[in-house]
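Now for the letters of each chain:
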Protein chains: 2
Amino acid sequence: MSIIDELTAALGQAKVAVDETTMATYAVDQAPVLEFKLPQAVVRAESVADVQATVRACAAHGVALVARGAGTGVSGGAHATEGCVVLSLERMNRILALSPDDETAVVEPGVINGDLNAAAAVHGLMFAPDPASFRISTVGGNVATNAGGLRCAKYGVTRDSVLALDVVLADGSLIHTGHQTFKGVAGYDLTGLFVGSEGTLGIVVAVTVRLKYLPREVHTIAAFYPDFRSAAAGVLAVGKARVQPAIMELLDGGTLAQLDDLHGSNLSVRGASLLLIQTDGFGAAAEAAAIRTVLAAGGAVVTTEASAEAEHLVEMRRHSRGDEVDDEYRVGEDVAVPRSKLVDYVAALETMAAARHVRLKIVAHAGDGNLHPTFWVDRVDNTVDPDAMERLGKVLDESITAALAMGGTITGEHGIGQYKLRWLGLEQKEPVRELQRRIKELFDPAGILNPGKAV
Amino acid sequence: MSIIDELTAALGQAKVAVDETTMATYAVDQAPVLEFKLPQAVVRAESVADVQATVRACAAHGVALVARGAGTGVSGGAHATEGCVVLSLERMNRILALSPDDETAVVEPGVINGDLNAAAAVHGLMFAPDPASFRISTVGGNVATNAGGLRCAKYGVTRDSVLALDVVLADGSLIHTGHQTFKGVAGYDLTGLFVGSEGTLGIVVAVTVRLKYLPREVHTIAAFYPDFRSAAAGVLAVGKARVQPAIMELLDGGTLAQLDDLHGSNLSVRGASLLLIQTDGFGAAAEAAAIRTVLAAGGAVVTTEASAEAEHLVEMRRHSRGDEVDDEYRVGEDVAVPRSKLVDYVAALETMAAARHVRLKIVAHAGDGNLHPTFWVDRVDNTVDPDAMERLGKVLDESITAALAMGGTITGEHGIGQYKLRWLGLEQKEPVRELQRRIKELFDPAGILNPGKAV
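What counts, and at which threshold
Residues numbered from 1 in each chain as written. Chains lettered and ligands numbered in written order. Predicted model: local features only at pLDDT ≥ 70, side-chain atom pairs only at ≥ 80, totals over all residues. Heavy atoms only, no water. Helix = DSSP H or I, 4+ residues; strand = E, 2+ residues; numbered from the N terminus. Rg over C-alpha atoms; globule rule 2.2 N^0.38 Å. Buried < 20%, exposed > 50% of the residue type's maximum accessible area, 1.4 Å probe, protein only. Contact = heavy atoms within 4.5 Å. Lys, Arg positive; Asp, Glu negative; His and termini not counted. Charge placed at Lys NZ, Arg CZ, Asp CG, Glu CD. Phe/Tyr/Trp six-rings, centres within 6.5 Å; stacked < 30°, edge-to-face > 60°. Lys NZ or Arg CZ within 6 Å of the ring centre and 35° of its normal. Least-squares fit on C-alpha atoms with pLDDT ≥ 70 in both. Core = buried A, V, L, I, M, F, W, Y, C linked by side-chain atoms within 4.5 Å. Polar contact = N/O pair within 3.5 Å; in protein donor to acceptor, adjacent residues only side chain to side chain. Domains from an automatic or database assignment. Salt bridge = Lys/Arg side-chain N within 4 Å of Asp/Glu carboxyl O. Pairing = 2+ DSSP bridges. Axes fitted to C-alpha atoms, helices over the stretch in contact; angles between N-to-C directions. Buried area = accessible area lost by both parts, 1.4 Å probe. Nonpolar A, V, L, I, M, F, W, Y, C, P; charged D, E, K, R; others polar.

## Quick notes on the overall build of chain A
A tally of regular secondary structure across chain A gives 17 helices and 18 strands. Its C-alpha atoms give chain A a radius of gyration of 22 Å, within 12% of the compact-globule value 23 Å for 455 residues. Judged by the C-alpha coordinates and their principal axes, chain A covers about 70 × 60 × 45 Å. When burial is assessed residue by residue, chain A has 60% of its 455 residues classed as buried. Partitioning the contacts of chain A with sequence separation of at least 6, the portion at a separation of at least 24 is 71%. With 40 positive and 56 negative side-chain charges, chain A shows a spacing of 4 Å between the two charge centroids.

Structure representation (structure tokens):
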């Protein structure tokens, strides 16, 4: 029996798609596509048993299995590989439990981040990870990539909100890792090992999360600067004042110009760089006042208190995902550098982009030192000049090596996926990579789980 | 050449002790001793090279290696095994780097937690993990056990403050895991795998930590209750108000009586249970006010603002480690339960202790649902009646199974070590334990690193 027949027999026809349209849709996530591959089938699982049956069929036939949530990843972790089965978990979207007293929830992997947050908000709680894709991305996808977001400088990344996991292993068996309690140190941290492993060690079928308190008070500050350097210095000044914002986003001139184009605003006229800061919680007002003082002293034009515009700008930034998707002419990066290197790193980016005649704009989760530069080359009649792609590639490589030289990482929150594998060896030495390959082998000896990704 | 000769030749005589007194001192940590074993040598390493030489000698001779920091663990993770070499890291106590701008530090494993905090405080920063042993325990030990402490409900456990590790593997090679930046998702989370692994996967020789902001304002509340049940209800009420204290310690009547004995206070007269709460940061005053209102509504007698007594009580609690050490007649536990189960679990403990005629007192990091009940039997002329030990053992077992039945864990922050191995199978199913054994084998195929511990 073919694997398609076997999957159809086990799951029913409604869950197994083999038509061209569906397969093309599920063949890629939002990352650049280096080489487009179609799966041989798309399974839309509705239960743990469905996942187990799919894994077992793939194991029996030696067929690669690529699990995915909403497909909003930008590193190609969910790109199909040749002849694989794509396993979509989007239909497993039930919130199985939400305990306001324990401040925990148990969810299926396909639950949308924003839906979990809406359910938690009723009880004054929140699921802290807030990637810009939160309205469309799934908790399972957040777990697979150990997603960050805007507020993780204060509230932590996905790992910090995950207490326990149900995972289907490569042999189809189901295990439970972690603990229902906030703390627990029994045995090795298998939960942490699965978080961020991009579907290469097992398929997460349930996630127990710790919820945090939804802040009742939020203050927002927009600070315009005459240049990027002084805005980045403002980030360090806030740190030096030992005030922990919930959000600290840094936007360069290129980003402001783009926002003006999109929304008809006049941000570029008001400054060459913008620092957006939100404080929250019981100390939000006092923290905002302290931050305003520090920023004004550093030469910023700071919005007045309760500025509706500042709030609007943060919302615009928060929901910016989807305004643009990378393609072969436009690539977004995700490096992080130690905070003290923010200014130097951005200066280096500007120099290399200018030298290579490649366009550049930068937004940064500045509290984390996590930068998202976007490089692109202009198109005329939907084509670019022949050597533009080469220049784009070179700038990308240079931006990566510069970040590493400053003590940074090639991926702060998007994951290695398929797209960034080529740079992983620059960050991690061979013995560390070999250890990871051996862990992969231990969990997935036949190599069927998302091969060619993450490690 | 014997391993002793080899170690002495490689490291010099001053670092290799074989005298009875030293060996006896380093044979145990602060956990109950089930079976006392002497090591065959104690190595006091002063450098990474010393550690590598020691590991290589042990590997070559097939001798077990038990690494330790200050030996303040209470689960026997550092107890010597038959004929082992004990590797003390206490002399590797240098703070290698501290960057106030990056808010990070790099330390050798033997740095005392309190010393790192003192160095960080100069810059308005802190190392968040604060086990009660912080004045004497080492950062390496904190990492080995993934130590918690009083303020982890707000600031996280050790794992949450560790960014990167230098680790000597079982073959003597040195690797570096993690990242210098706050965020980083390149590859599998090896750093998290080593944290809490109790020296069974490798020897940590340097730790890169993220520092957090030292709060400038702290408010302290002491709330006396007529019974434990209403005090535990107070914990839930504070949670329901969605206020996150930095510290929330719950003390029962037995603990109050003991404090009165030790310090001549009259706490027991004032209540049968005490809830100690600290808020910190810019919102500390507003949070404390909100908490006072909630606690008073729940029947507590709450200290007035700026109560010197409340602060004194927290300091007493914070520094309580060392007042008593467990022995065969007295055992401290470390379970955690979901917060909503606090009241039921304590009621269950009281019932089982009464039924078995075993004495009981309880302190809890209530914000985490992490309880430290202490069970003991009284001694007369330094002996106990013959069946007392059996009753003590039974209560211990019952306290563990009751916690698990409520969705809890057998260890919130102390680790499995040697002492709690017997209960691990009750919490984790065989497939999960087998996965961990295979990870252990992958890192340490000869089984020389702290055998018989943790997994």
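## What to know about the packing of aromatic side chains
Tallying each qualifying case throughout the model produces 4 aromatic pairs over all chains. Between Tyr419 of chain A and Trp423 of chain A the ring centres are 6.0 Å apart and the planes differ by 85°, which places this aromatic pair in the edge-to-face class. We note Arg422 of chain A situated over the ring of Tyr419 of chain A; from NZ or CZ to the ring centre the distance is 4.4 Å. Over the face of the ring belonging to Trp423 of chain B we find Arg422 of chain B, whose NZ or CZ atom lies 4.3 Å from the ring centre.

## Some details on the relation of the copies chain B and chain A
When chain B is fitted to chain A, the residual RMSD is 0.0 Å, and the transformation amounts to a turn of 180° plus an axial shift of 0.0 Å. In the structure described here, the two chain copies are related by an operation that fits a two-fold rotation axis. It is Gly283 of chain B whose C-alpha, among those of chain B, lies nearest the rotation axis, at 1.8 Å. When the interface residues of chain B are mapped onto chain A, 100% of them again lie at the interface, so the same face is used by both copies.

## Remarks on the nonpolar core
In globular proteins that are soluble, nonpolar side chains generally tend to be buried together. Counting 64 residues, the largest nonpolar core has Ile439 and Phe443 of chain A together with Ile439 and Phe443 of chain B as the members making the most contacts within it. Ile439 of chain B has contacts with Tyr188, Leu190, Leu193, Leu442 and Phe443 of chain A together with Leu193 and Leu201 of chain B, leaving out every residue within four places of it along the chain. Among the nonpolar cores identified, the runner-up in size contains 52 residues, and Ile400, Leu404, Tyr419 and Leu424 of chain B belong to it.

## Regarding the side chain of Asp280 of chain A
Residues and elements named next belong to chain A. Tracing the sequence through the fold places Asp280 in strand β14 (residues 273–280). Relative accessible area serves as the criterion here: at 7%, Asp280 is assigned to the buried category. At a separation of 2.6 Å, a polar atom in the side chain of Asp280 contacts the side chain of Lys154. Here Tyr155 takes part through its side chain, which lies 2.9 Å from a polar atom of the side chain of Asp280.

## Remarks on the domain arrangement of chain A
Under the domain assignment, chain A is made up of domain 1 (3–88), domain 2 (95–213), domain 3 (218–318) and domain 4 (330–427). Centre-to-centre separation of domain 1 of chain A and domain 3 of chain A, based on C-alpha positions: 43 Å.

## Some points on the environment of Asp444 of chain B
All names here are of chain B. Inspection of the secondary structure puts Asp444 in the segment after α16 (430–443). Since its relative accessible area comes to 2%, Asp444 is described here as buried. Residue contacts for Asp444: discarding those within four places in its chain leaves Ala170, Thr200 and Leu449. Within the local environment of Asp444, its side chain forms a polar contact with the backbone nitrogen of Ile448, the two atoms lying 3.1 Å apart.

## Notes on unusual backbone geometry
Positive phi, normally seen in glycine, also occurs at Asn146 of chain A, with a value near 50°. Locating Asn146 of chain A in the fold gives a position in the loop between α5 (139–145) and α6 (152–155). For Asn146 of chain A, a relative accessible area of 13% corresponds to the buried category. The residue Ala454 of chain B is not glycine, and still its phi comes out positive at about 75°.

## Details of the pattern of salt bridges
Residue and element names in this part refer to chain A. Here the structure, examined in full by the defined rule, presents 48 salt bridges over all chains. The salt bridge involving Asp378 is made with Arg359; its shortest N-O contact spans 2.9 Å. Of this pair, Asp378 sits in the loop between β18 (370–376) and α15 (388–405) while Arg359 sits in strand β17 (residues 359–365), and the two are 19 residues apart along the sequence. The partly exposed category is assigned to Asp378, whose relative accessible area is 44%. Arg359 sits in the partly exposed class, given a relative accessible area of 43%. One continuous salt-bridge network, built from bridges that share partners, spans Glu35, Lys37 and Glu82.

## A few points about the sheet that holds strand β10 (residues 203–210) of chain B
All names here are of chain B. Here we have 5 strands laid out as an open sheet, ordered β5-β6-β10-β8-β9, and antiparallel in their pairing. Each edge of the sheet is formed by a strand with only one pairing partner; in this case those strands are β5 (95–99) and β9 (174–178). Neighbouring strand axes in the sheet, compared pairwise and without regard to direction, differ in orientation by 10° on average. In terms of strand pairing, strand β8 (residues 162–168) meets β10 through 6 bridges, oriented antiparallel. The residue of β10 that forms the bridge with Val162 is Val209.

## Quick notes on the interface of chain B and chain A
On the chain A side, the residues contacting the 82 residues of chain B number 82 residues. Across the interface of chain B and chain A, roughly 6,500 Å² is buried in total on both sides, 60% from carbon and sulfur atoms. By the criterion of area lost to chain A, the three top residues of chain B are Lys183, Tyr188 and Arg242 of chain B, representing 16% of everything that side buries. Counting the contacts that link chain B with chain A gives 10 salt bridges. Among the ionic pairs, Glu103 of chain B bridges to Arg339 of chain A, the shortest N-O distance being 3.4 Å. In this assembly, chain B and chain A are joined by 34 residue pairs in polar contact (both at pLDDT 80 or more). Elements with a contribution of two residues or more to the side of chain B that touches chain A: α6 (152–155), β9, α7 (190–194), α8 (228–240), α11 (284–297), α15 (421–427) and α16 of chain B. Of the residues forming the side of chain B that touches chain A, the biggest block, 9 residues, is contributed by α16 of chain B. A per-class count over the side of chain B that touches chain A returns 34 nonpolar, 31 polar and 17 charged.

## Topic: the sheet that holds strand β5 (residues 95–99) of chain A
Residues and elements named next belong to chain A. Spatially, 5 strands are ordered β5-β6-β10-β8-β9 in an open sheet, and the strand pairing comes out antiparallel. Looking along the sheet, the strands with just one partner apiece sit at the ends: β5 and β9 (174–178). Ignoring which end each strand starts from, the neighbouring axes of this sheet average 10° apart. Across 4 bridges, β5 lies against strand β6 (residues 104–107) in antiparallel orientation. Bridge pairing links Leu98 to Ala105 in β6.

## What to know about the environment of Val106 of chain A
Residue and element names in this part refer to chain A. Along the chain, Val106 turns up in strand β6. Looking at Val106, the relative accessible area reads 22%, which means it is partly exposed. With residues near it in sequence (within four places) discarded, Val106 still touches Ile95, Leu96, Ala97, Val207 and Thr208.

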